[in-house]
Amino acid sequence: MDLNLLRNMMKEVRENKDFLDSMSPNQFLSKTALVKHITNLDILNKDSHIVIWGSWYGSILVPALYDKVGKITCIDMDPKVISIAKHRIFENYDVEWITDDIFNNWRDWYKNVDLFINTSCEHMKPMKEWGPAPQYKNPWWTRVKPNCHFAFQSNNMFSIEDHTNCVNSNEEFKNQLPDNAEIIIESEIKEERGTRFMLIGKIIS
């Protein structure tokens, strides 16, 4: 157990309700389910690079995956959560933290990413529209590492204010993926507010 990390988290919880929400039982349930599936697929190693889109604080995914890979990059458009994660929670972790809208830019090192994670698909446009703009001129799924993997989650919680792109089923969720996305695992996670949908697969080159 990383006692320094635990201390940082406990300190943040006392003064930051938003961070507490990132550690809620529902968040824990959905994100540990994702980690379990990824672990069982055995697709990561000490040289792997993970990018987490819409990372929030990285509260659960970063400590769960940190020792399994060589590099983690977290991208979120909220500079406050990125600053808190980098300087107060994971101060001793070698994680790359970026403040940006993932739809704005293409980064050359995306070509070498082994796993893209997005547990916030309900907050943004469909993954098949990520480009960057113009959206379909050079889409991301034609420029990534051959057979790179993805793990995406969305939900049917339409009543939550900042949920702008919910889905009603995994079948509907699949329609938001690129045509060359091959699904390996699909699952549903029930909670009191609704259902979280999860698709894990790879981009076929």
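Our subject in this report is the structure included herewith. All values derive from a computational prediction rather than experimental measurement.

This part covers the overall build of the protein. When helices and strands are counted, the protein shows six helices and seven strands. Starting at the N terminus and walking to the C terminus, you meet the elements of the protein as α-α-α-β-α-β-α-β-β-β-α-β-β. On C-alpha atoms alone, the protein measures out to a radius of gyration of 16 Å, which is about the 17 Å that the 2.2 N^0.38 rule sets for 205 residues. In terms of overall dimensions, the protein has C-alpha extents of about 45 × 40 × 35 Å along its principal axes.

Counted according to the given criterion, the structure contains zero disulfides. No disulfide involves C121; its nearest neighbouring cysteine sulfur is the one of C166, lying 11 Å away. Of the residues examined, C121 reaches a relative accessible area of 2% and is grouped as buried.

Right, let's talk about the environment of N104 for a bit. One can find N104 in the loop between strand 3 (96–99) and strand 4 (115–118). Given the relative accessible area of 46%, N104 is considered partly exposed. C-alpha separation for the pair N104 and K31, spaced 73 residues apart in sequence, amounts to 26 Å.

We now examine the sheet that holds strand 3. What the seven strands build is an open sheet, ordered 3-2-1-4-5-7-6; its pairing is mixed. Edge positions in the sheet fall to strand 3 and strand 6 (181–191), since each of these pairs with one other strand and no more. Averaged over neighbouring strand pairs, the angle between their axes works out to 15° when direction is ignored. Strand direction decides the pairing type here: strand 5 (residues 149–155) and strand 7 (residues 194–203), joined by seven bridges, are antiparallel. For S154, the partnering residue across the bridge sits in strand 7 and is F197. Sitting on the sheet, helix 3 (residues 25–41) is in contact with strand 4, strand 5, strand 6 and strand 7, with an inclination near 25° to strand 7. Relative to strand 3, helix 5 (residues 79–89) is tilted by about 165°, and along the sheet it contacts strand 2 (71–76) and strand 3.

Together, M1, L3, L6 and M10 line one region of the surface with nonpolar side chains, adding up to about 480 Å² of accessible area. Among the secondary structure elements, L6 is positioned in helix 1 (residues 3–15). Judged by its relative accessible area of 39%, L6 is partly exposed.

Rules used throughout
Residues numbered from 1 in each chain as written. Predicted model: local features only at pLDDT ≥ 70, side-chain atom pairs only at ≥ 80, totals over all residues. Heavy atoms only, no water. Helix = DSSP H or I, 4+ residues; strand = E, 2+ residues; numbered from the N terminus. Rg over C-alpha atoms; globule rule 2.2 N^0.38 Å. Disulfide = S-S within 2.5 Å. Buried < 20%, exposed > 50% of the residue type's maximum accessible area, 1.4 Å probe, protein only. Pairing = 2+ DSSP bridges. Axes fitted to C-alpha atoms, helices over the stretch in contact; angles between N-to-C directions. Contact = heavy atoms within 4.5 Å. Patch = residues over 30% accessible without salt bridge, like charges linked within 9 Å, V, L, I, M, F, W, Y side chains within 5 Å. Areas by Shrake-Rupley, 256 points an atom, 1.4 Å probe, with all protein chains shown as cover. Salt bridge = Lys/Arg side-chain N within 4 Å of Asp/Glu carboxyl O.

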